[in-house]
Amino acid sequence: MYLYAVGLRSFVTVFFTLAINILLAQPLYHAASLAVYRNGILLDNGWCGGLDLPQISPAFIDNDNLEDLFVFDRNNNRGYVFLHKGQGRYVYSFHYSGMFPEMENWALLRDFNKDGVPDIFCYANSGMKIFRGKRNGNILFFELLTSLLTYTDYFNPAYPQVNVYVLTDDIPGIIDVNGDGDMDILVFGNLLSSSSCQYYENQSVEKGYGADSLIFDSYGLDQCWGRFLESDISNSITLGYCKTGGIEGHGAGRHAGSTLCPFDEDGDGDLDLLLGDITYNTMIMLRNGGDAQQADIKSFDSIFPRYNIPIQLPVFPAGFIADGDGDGIKDLLVAPNARNAYKNVNNVLWYKNTGTNKNFIFQYQSDSFLVRTLLDFGSNAKVAVFDHNSDGLLDIVVGNKSYYTQQGQLEVSRLALLENIGTPQKPMFKLASDNYQNIAQFLMKELQPAFGDLDGDGKSDMLLGDFSGYLHFFKNTGGNMAAFPTLTAPQYFNIDASVLAAPYIYDVDSDGDNDIICGRRDGTLNWYINFGSKTNPSFHKDSVVTNWGKINITGIYEVEGCTQPVIYRKSDSLFLYTGSNRGTVFKFYIPDPLQRNVVFQLVDSNFLNFNVGRRATIAIADFDGDSIPDIVTGNASGGLDFFTSTPQTPSNTSDLAESDSEWYFFPNPAGSYLSVATKNREPKRLVLMDIAGNRIWEEVIHDKTFISLEGLPNGIYFLQSSKQTKKLIVVK
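Predicted model only: the values in this text are computed from it and were never measured.

K.L.:
Whenever I open this one, the overall build of the chain confuses me. Can you help?
P.N.:
Across its full length, the chain carries 2 helices and 53 strands. Here the C-alpha radius of gyration of the chain, 27 Å, is about what a compact globule of 732 residues would show, namely 27 Å. With the C-alpha coordinates of the chain rotated into their principal frame, the extents come out at 80 × 65 × 60 Å. With 732 residues in all, the chain has 58% of them scored as buried. When contacts within the chain are restricted to residue pairs at least 6 apart in sequence, long-range pairs at least 24 apart make up 51% of them. As presented, the chain carries roughly 29,100 Å² of accessible surface, and 51% of it is formed by carbon and sulfur atoms. Here the chain carries 55 positive and 84 negative side-chain charges, and the mean point of each set is 3 Å from the other.

And the structure:
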């Protein structure tokens, strides 16, 4: 009987889990092309997710002979693909962005094996790992080549393999230094020579492998490339001398951090170096007077470009060589690289190259390359939804950490209003205010807004959670237009939700008055029960249920979880969604909200099948009137993403996964679902097969359909019609 009972319980649990996964299983699409205006200008990349600390790599992503941009944001640990549409217009592609693996700290694209497909060099455990890029039609995928790049140390037989050391905050130079055709590495931070630039010469060509391999050893290691030193305590440069601790002397200390941007400025066949330092706003141009085989820095410009407007960007600037305007000539792009006190708006400098690709002459153009095309709310965008003007259209309010104004500033949060100017079936937004209700005057930090009627007058009041864990109540005194002129009740009922309070207003116990659910930095939830009435709320210390739902979304290697809850009812079922520090959206089923000790059941730890970036926050509402919830997310880099139940038409066929004249499908790679459609509504019999040829799904479609991929393991699959077979990659 005991064995039977366990088996029955397992069956019921599995059946329940499957049922919950099916409920609300309508796929969501990233609405990158949803119209949003700022100052009357339609933004090309309004919903791409924000850029705080972008690292920019040119690469051929969609194979159309136009060089695109891959941008990795250090603050978000998220990669973005911007496809070049011609004449310097770069448009975000959610489709291609989703093909990249998870990365952290820094990531650069280089085609090291010269096969026409970009490869990834990125941070890994005080060094770097490499992904080899491969292409199949319009699909990019990346295979891990090495989890930690090493060199062979022939002088230390006890430890023959040593990692190519890269500091967490640095950006290395990855380029063919000596012109022999294979990819070399320049980097600061080696334990033996922390103030000098190390040169790891790739031995691939020398060993007969052409450009195909990455082979490094101690014979090809130059501990002092260029014969210069950078001070340990400033950005001052000493030329013609090298001192390496443990080799030539004992005075070389630990270098704090550098960004390296090597390129041949004057076209003389050797590399010069643009250098950024961790505590400075300027960059130094080091000019090579040697040659490709033996670098020798002979001069430098300490405030480059001295001949134009010098780089000035708080703080720790990093340079990247890429074509900013599509004229085929490489320009200079500069972005901040520091983790604190950096400029988080208007933060990508563009210096146009008015010379040639063999004679670089930079002229300053603007401080907002690419970022001018997207929504940007500083750092830590925190989203909420309500109808601010009673027009029946839902608007979006965004809190934040702060906008950078000047170094040493007091960090002050603001609210921004995205007003819905569309229709009940087709939302459209404009940035109506970047200081909604003048909330900045209250000098608060890390504001998470929430809206709901807390005093029974039929109007949505505003509750703001702050960094310290307090909630602040603003009564809505407006009419059709919401108005919150005064801070009605600071530290509302002395509620203290620890750190990073993230409130949500909802009548959990269905007693007619609204309660407060509050997220916390530690990854748990508090439920504050309203013991008052609809018109006279009352919260006190005995009304809080700590660790409500018995959930904690903090990961094993994380120190904070950052719950930010939203409750959504579908039919008779109640679900709780929450953003997270790791960047995914969690979904929980609430079996019985009336029980204080209820245990939520995890439905999905990555509901969107996509990581939107660190400190993810969410708002859920039906923006298009189809009774299916849409989702808006914010993240650490101050941007937003919009996910809708309405299938999105890609901007061109290159943004579709595998298209032909009769049928197509997307996304690819896919996670939990696949959208399949015909282009002319003629019936098509399609078959989904695994790599062994086993049929998984078969259907005749006339227009479009969705295929659930739940339960399918990661791998390669094939969709087949009578005329064509197309490859599908499933990655969850």
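On we go from here.
K.L.:
What's the story with the nonpolar core in this structure? I'm lost.
P.N.:
Soluble globular proteins tend to pack their nonpolar side chains together in the buried interior. Core analysis: the biggest nonpolar cluster contains 57 residues, and Phe82, Phe121 and Met128 have the highest contact counts within it. In terms of residues, this core owes the most to one element, strand β24 (residues 317-322), which gives 3 residues. Residues within four places of Met128 in sequence aside, it is in contact with Trp106, Phe121, Cys122, Tyr123, Ser147, Leu148, Leu149, Val164, Val166, Pro172 and Ile185. Of all hydrophobic cores here, the second largest spans 23 residues; its members include Ile396, Tyr403, Phe429 and Ala619.

K.L.:
Help me out: how do you make sense of the state of the cysteines in this one?
P.N.:
Put plainly, a disulfide is one covalent bond tying together the sulfur atoms of two cysteines. In this structure the tally under the stated criterion is 1 disulfide. The residue that forms a disulfide with Cys224 is Cys242, at a sulfur-sulfur distance of 1.3 Å. Classification of the bridge connecting Cys224 and Cys242 rests on its S-S torsion, roughly -55 degrees, and on that basis the disulfide is left-handed. In this pair, Cys224 is assigned in the loop between β17 (221-222) and β18 (228-230) and Cys242 in the loop between β19 (237-239) and β20 (258-263), connecting sequence segments 18 residues apart. For Cys224, a relative accessible area of 10% gives the class buried.

K.L.:
Just checking my understanding: could you explain the side chain of Asn76 for this structure?
P.N.:
Tracing the backbone shows Asn76 in the loop between β5 (68-73) and β6 (78-84). What Asn76 contacts, discounting residues up to four positions off in sequence, is Gly49, Gly50, Val612, Gly613, Arg614, Asn635, Ala636 and Ser637.

K.L.:
In this structure, what is going on with the pattern of salt bridges? I would like to understand it.
P.N.:
Between side chains of opposite charge, a pair can form when the charged atoms approach closely. One pass over the structure, following the stated rule, counts 24 salt bridges. A salt bridge links Asp169 to Arg339, with the nearest nitrogen and oxygen atoms 2.5 Å apart. Highlighted residues: Asp169 in the loop between β13 (161-163) and β14 (173-175) and Arg339 in the loop between β25 (331-336) and β26 (349-353), separated in sequence by 170 residues. With a relative accessible area of 38%, Arg339 lands in the partly exposed category. Among the charged side chains, a salt-bridge network with shared partners connects Arg74, Asp169 and Arg339.

K.L.:
Explanation requested: the environment of Asn344 in the structure shown.
P.N.:
Following the sequence through the fold, Asn344 ends up in the loop between β25 and β26. Along the backbone, Asn344 and Tyr404 are 60 residues apart, and their C-alpha atoms lie at a distance of 5.7 Å. What Asn344 contacts, discounting residues up to four positions off in sequence, is Leu51, Asp52, Asp376, Gly378, Ser379, Ser402, Tyr403 and Tyr404. Side-chain polar atoms of Asn344 contact the side chain of Ser379, separated by 3.0 Å.

K.L.:
Just to check I follow, could you spell out unusual backbone geometry for this structure?
P.N.:
In terms of backbone geometry, most residues other than glycine have negative phi values and most peptide bonds are trans. Cis geometry is adopted by the peptide bond preceding Pro305, which originates at Phe304 and carries an omega value of -10 degrees. Its place among the elements puts Pro305 in the loop between β23 (297-301) and β24. The omega torsion of the bond from Pro314 to Val315 falls at -15 degrees, within 30 degrees of zero and hence cis. Mapped onto the elements of the fold, Val315 is located in the loop between β23 and β24. The phi dihedral of Asn125 is positive, around 45 degrees, even though this residue is not glycine.

K.L.:
Is there a simple way to think about the sheet that holds strand β33 (residues 461-465) in this case?
P.N.:
As a general point, the strands of a sheet are linked pairwise by backbone hydrogen bonds and lie either parallel or antiparallel. Pairing is antiparallel across the open sheet formed by 3 strands, whose spatial order is β32-β33-β34. At either margin of the open sheet sits one strand with a lone partner, and together these are β32 (448-452) and β34 (471-474). Sheet twist, expressed as the average angle between the axes of neighbouring strands with direction ignored, equals 25 degrees. Where β33 meets β34, 4 bridges bridge the pair, whose relative direction is antiparallel. What sits directly across from Gly465, in β34, is Leu471.

K.L.:
For this particular structure, what's the right way to read the side chain of Asn45?
P.N.:
As for its position among the elements, Asn45 is in the loop between β3 (41-42) and β4 (54-59). Those residues in contact with Asn45 that sit more than four places away from it in its chain are Phe82, Tyr90, Val91, Tyr92, Leu370, Thr373, Leu374 and Leu375.

K.L.:
For this particular structure, what's the right way to read the sheet that holds strand β52 (residues 715-720)?
P.N.:
Overall, antiparallel pairing links the 4 strands, which are arranged β50-β49-β52-β53 in an open sheet. One side of each edge strand has no neighbouring strand; the edge strands of this open sheet are β50 (695-701) and β53 (725-730). Strand after strand, the sheet turns through a mean of 20 degrees between neighbouring axes, direction not considered. When strand β49 (residues 684-690) meets β52, the two strands line up antiparallel, connected through 4 bridges. Bridging across to β52, Val687 finds its partner in Gln720.

K.L.:
What's the story with the environment of Tyr492 in this structure? I'm lost.
P.N.:
Within the fold, Tyr492 resides in the loop between β34 and β35 (502-506). According to the relative accessible area criterion, Tyr492 is buried, its value standing at 5%. Through-space distance from the C-alpha of Tyr492 to that of Ile628 is 34 Å; in sequence the pair is 136 residues apart. Tyr492 has contacts with Leu454, Leu463, Leu471, Phe473, Ile516, Pro537 and Phe539, leaving out every residue within four places of it along the chain.

K.L.:
Sorry, what's going on with the packing of aromatic side chains here?
P.N.:
How two aromatic rings sit relative to each other is given by the distance of their centres and the angle of their planes. What the rule picks out here adds up to 39 aromatic pairs. A centroid spacing of 6.0 Å and a plane angle of 65 degrees characterise the contact between Phe263 and Phe362, whose relative ring orientation is edge-to-face. Linking Phe263 in strand β20 with Phe362 in strand β27 (residues 362-366), this pair joins segments that are 99 residues apart in sequence. The same class applies to Phe263 as to Phe362, namely buried. With a centroid separation of 5.1 Å and 25 degrees between ring planes, the pair formed by Phe473 and Tyr492 is classed as stacked. Linking Phe473 in strand β34 with Tyr492 in the loop between β34 and β35, this pair joins segments that are 19 residues apart in sequence. Of the two residues examined, Phe473 and Tyr492, each falls in the buried class. Within the aromatic cluster, the residues linked to one another by ring pairs are Phe263, Phe304, Tyr307, Phe360 and Phe362. A cation over an aromatic ring shows up here: Lys587 above the ring of Phe575, its NZ or CZ 4.8 Å from the ring centre.

Reading guide: rules and limits
- Residues numbered from 1 in each chain as written.
- Predicted model: local features only at pLDDT ≥ 70, side-chain atom pairs only at ≥ 80, totals over all residues.
- Heavy atoms only, no water.
- Helix = DSSP H or I, 4+ residues; strand = E, 2+ residues; numbered from the N terminus.
- Rg over C-alpha atoms; globule rule 2.2 N^0.38 Å.
- Buried < 20%, exposed > 50% of the residue type's maximum accessible area, 1.4 Å probe, protein only.
- Contact = heavy atoms within 4.5 Å.
- Areas by Shrake-Rupley, 256 points an atom, 1.4 Å probe, with all protein chains shown as cover.
- Lys, Arg positive; Asp, Glu negative; His and termini not counted.
- Charge placed at Lys NZ, Arg CZ, Asp CG, Glu CD.
- Core = buried A, V, L, I, M, F, W, Y, C linked by side-chain atoms within 4.5 Å.
- Disulfide = S-S within 2.5 Å.
- Salt bridge = Lys/Arg side-chain N within 4 Å of Asp/Glu carboxyl O.
- Polar contact = N/O pair within 3.5 Å; in protein donor to acceptor, adjacent residues only side chain to side chain.
- Pairing = 2+ DSSP bridges.
- Axes fitted to C-alpha atoms, helices over the stretch in contact; angles between N-to-C directions.
- Phe/Tyr/Trp six-rings, centres within 6.5 Å; stacked < 30°, edge-to-face > 60°.
- Lys NZ or Arg CZ within 6 Å of the ring centre and 35° of its normal.

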